[in-house]
Amino acid sequence: MSEVRETVLELLAQLGSSREARQYLKEFSSVEESRFAVVKVGGGILRDHLDELASALAFLHRLGLRPVVLHGAGPQVDTALAEAGIESERIDNLRVTTEEVMEVARPVIYEQNLRLVEALEQRGIRARGLQHGTFEARFLDRDRYGLVGEITAVNLDGLRRAVHSGALPVLTFLGESSSGQVLNINADIAARELVWAIRPHKIIFLTPSGGLLDRNGRVISAVTLNNDYESLMREPWVHSGMRLKLQQINEMLEGLDESTSVSITSADQLTRELFTYRGAGTLVRRGENIDIFESPDETILADVAERVEASFGRRLKPGWTAGLAQPVVLLSASRRAAAVVVAGQDGLPYLEKFIVTPEAQGEGLGAAMWQVLRARYPRLYWRSRNTNPITPWYFLQADCSERHGPWVVFCNGIGDAVQRERMVSEAMSRDPGWQEDPS
Ligand code: ARG
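(A) Representation of the overall build of the protein within the structure. Helices and strands together make up the secondary structure of the protein, namely 17 helices and 21 strands. Seen through its principal axes, the protein has C-alpha atoms that stretch 80 × 50 × 35 Å. Counting only contacts in the protein whose residues sit at least 6 apart along the sequence, the fraction spanning at least 24 positions is 69%. Carbon and sulfur atoms make up 47% of the accessible area of the protein, which amounts to about 20400 Å² in all.

Encoded structure:
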């Protein structure tokens, strides 16, 4: 086993660095086995990307991780109904399930479940199809929706047993009533109830789009709900499907641990998403609080100084904290992101230091910190070395920039040309505060 694990880790290292891969493997292995992840897979993925899906899941299994898989069969059921010449209606986003519809749908759903189980077994991975016994349900409204269930309880015995015996549990969206009537359950509701029952570390949605898309159709890397939810919901380009998804995720994450995150990605990007800092897809988290210390005490300044040193891998001059002019500290709850702002030219706020650990960058904590910084300081200037990996990102955040040898001076909200010029030369004359200058 450990030899396999080593080989797999080597493979993973090719995606990012082996440090990243090991860090995440450790993190994912530290939660109770059945609580690593719930993976929700749409029927479309089973139809078009079964191979990629099975190999990504098999990979996780070889690493000793046991995701709980929940899949739909929407497109397959639609096709079967069309072939049988049965009209099926949707009310309130629920498929009205007459006896006739159920007769066609049930075998199709089982068939899809078996296909995934078989695809995993063909890769030498133990998988267990759990077509029953997880979702206990009652009729939602028999007259209106037919055989549609409302979940009354989620029974985790079956999937826990599967996990503990080393098999991947593969669940469908079918539930049954206390008398054994099979009921159709809305996929999103089933996923939510399952997540609430398991309280997994990760929630994974596999979609063909590979993430939430921005107005230009590009995947948004990270969404921090605390900061971004309201503004995203106001954006006209956030179309109805995405709006719904965000609402559902927001609701789902409420009441779960702050460390829980949702990854929306595609089957073939899943490994990269899980085992690198940057990921591949959209990572959604509630986000952590960012505190502003308007007059930070010595302990906070000393703590931040230590983090700055660790982040740059250099030593600050002794007395650095004492020499800061009216410092204000912004600090995230996990202390993985921090900013120090001081009084600069004409009292203008100067961003003295800004740090975010690499893994927190992947979570979008840098962007969240930047938003808080922007709101507190509409006018701000700072500088960065050309060689600093964050410099390209600063170009995107700043509304002015000026290159000076190895440095770039940036600003926001400073329109006056004369003031800008003074600001630039002041920034260039500043002592960076390090013990010795690299050159
Ligand atoms: N690998 C980490 C995780 O799965 C971070 C992923 C970051 N992903 C992203 N799309 N920004 O939790």
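(B) Layout of the sheet that holds strand S1 (residues 37–41). In space, the eight strands of this open sheet follow the order S5-S8-S2-S1-S11-S13-S14-S12, with mixed pairing throughout. Looking at strand neighbours, the two that pair on one side only are strand S5 (127–130) and strand S12 (222–224), the edges of this open sheet. Across the sheet, the mean angle separating the axes of adjacent strands is 20° when strand polarity is ignored. In this structure, S1 lies alongside strand S2 (residues 68–71), joined through four bridges in parallel fashion. Looking across to S2, one finds that Lys-40 is bridged to Leu-70.

(C) Spatial organisation of the site of the ligand. Glu-273, Leu-274, Thr-276, Gly-281 and Gly-362 are the nearest of the 13 residues found near the ligand. A distance of 3.5 Å separates a nitrogen atom of the ligand from a polar backbone atom of Leu-283. Its free accessible area being 350 Å², the ligand has 97% of it covered by the protein chains. Of all the elements in the fold, those that place two or more residues in the shell around the ligand are helix H12 (270–275) and strand S14 (282–285). Here the shell around the ligand is composed, by residue class, of four nonpolar, six polar and three charged.

(D) Here's a closer look at the state of the cysteines. Counted according to the given criterion, the structure contains one disulfide. Cys-400 shares a disulfide with Cys-411; S-S distance 1.9 Å. The S-S bond linking Cys-400 to Cys-411 shows a torsion near 140°; that makes this disulfide right-handed. In this pair, Cys-400 is assigned in strand S20 (residues 400–404) and Cys-411 in strand S21 (residues 407–412), connecting sequence segments eleven residues apart.

(E) Focus on the side chain of Gln-112. Structurally, the position occupied by Gln-112 is in helix H6 (residues 99–122). In this structure Gln-112 comes out as buried when scored by relative accessible area, which is 6%.

(F) Layout of unusual backbone geometry. Despite not being glycine, Asn-93 has its phi angle at roughly 70°, a positive value. Its location among the elements puts Asn-93 in the loop between strand S3 (90–91) and strand S4 (94–95). Of note in the backbone geometry, Asp-346 takes a positive phi value of approximately 50° without being a glycine. Along the chain, Asp-346 turns up in the loop between strand S17 (337–343) and strand S18 (349–356).

(G) Here's a closer look at the pairing of strand S13 (residues 261–265). Of all the five residues making up S13, five are buried; the element is thus mostly covered by neighbouring parts of the structure. Taking every second residue as pointing to the same face, both faces of S13 are buried, with Ser-261, Ser-263 and Thr-265 on one and Val-262 and Ile-264 on the other. Pairing of strand S11 (residues 202–206) with S13, which is carried by five bridges, proceeds in the parallel orientation. Its bridge partner lying in S13, Ile-203 is registered against Val-262. By the bridge criterion, three bridges tie S13 to S14 in an arrangement that is antiparallel. Each bridged residue has a counterpart across the sheet, and for Val-262 the counterpart in S14 is Val-284.

(H) View of the side chain of Thr-321. Structurally, Thr-321 is set in the loop between helix H13 (298–312) and strand S16 (328–332). Contacts of Thr-321, omitting those with residues within four sequence positions, involve Glu-298, Leu-301, Ala-302 and Ala-305.

(I) Local environment of the nonpolar core. Counting residues in hydrophobic clusters, the biggest one holds 52 residues, and the most contacted among them are Leu-194 and Leu-246. Broken down by element, the residue count for this core peaks at seven residues, all from H6. One finds Leu-9, Leu-25, Val-39 and Leu-46 within the second-largest nonpolar core, a separate group that totals 39 residues.

(J) The confidence of the model for the protein, seen in detail. Taken as a whole, the protein shows an average pLDDT of 93; of its residues, 99% reach a score of 70 or greater. Confidence, expressed as mean pLDDT per element, reaches its minimum in the protein at helix H1 (residues 2–13) with 73 and its maximum at strand S8 (residues 168–171) with 98.

So, how was this worked out
- Residues numbered from 1 in each chain as written.
- Predicted model: local features only at pLDDT ≥ 70, side-chain atom pairs only at ≥ 80, totals over all residues.
- Heavy atoms only, no water.
- Helix = DSSP H or I, 4+ residues; strand = E, 2+ residues; numbered from the N terminus.
- Contact = heavy atoms within 4.5 Å.
- Areas by Shrake-Rupley, 256 points an atom, 1.4 Å probe, with all protein chains shown as cover.
- Pairing = 2+ DSSP bridges.
- Axes fitted to C-alpha atoms, helices over the stretch in contact; angles between N-to-C directions.
- Near = heavy atom within 4 Å.
- Polar contact = N/O pair within 3.5 Å; in protein donor to acceptor, adjacent residues only side chain to side chain.
- Nonpolar A, V, L, I, M, F, W, Y, C, P; charged D, E, K, R; others polar.
- Disulfide = S-S within 2.5 Å.
- Buried < 20%, exposed > 50% of the residue type's maximum accessible area, 1.4 Å probe, protein only.
- Core = buried A, V, L, I, M, F, W, Y, C linked by side-chain atoms within 4.5 Å.
- pLDDT = per-residue confidence, 0-100.

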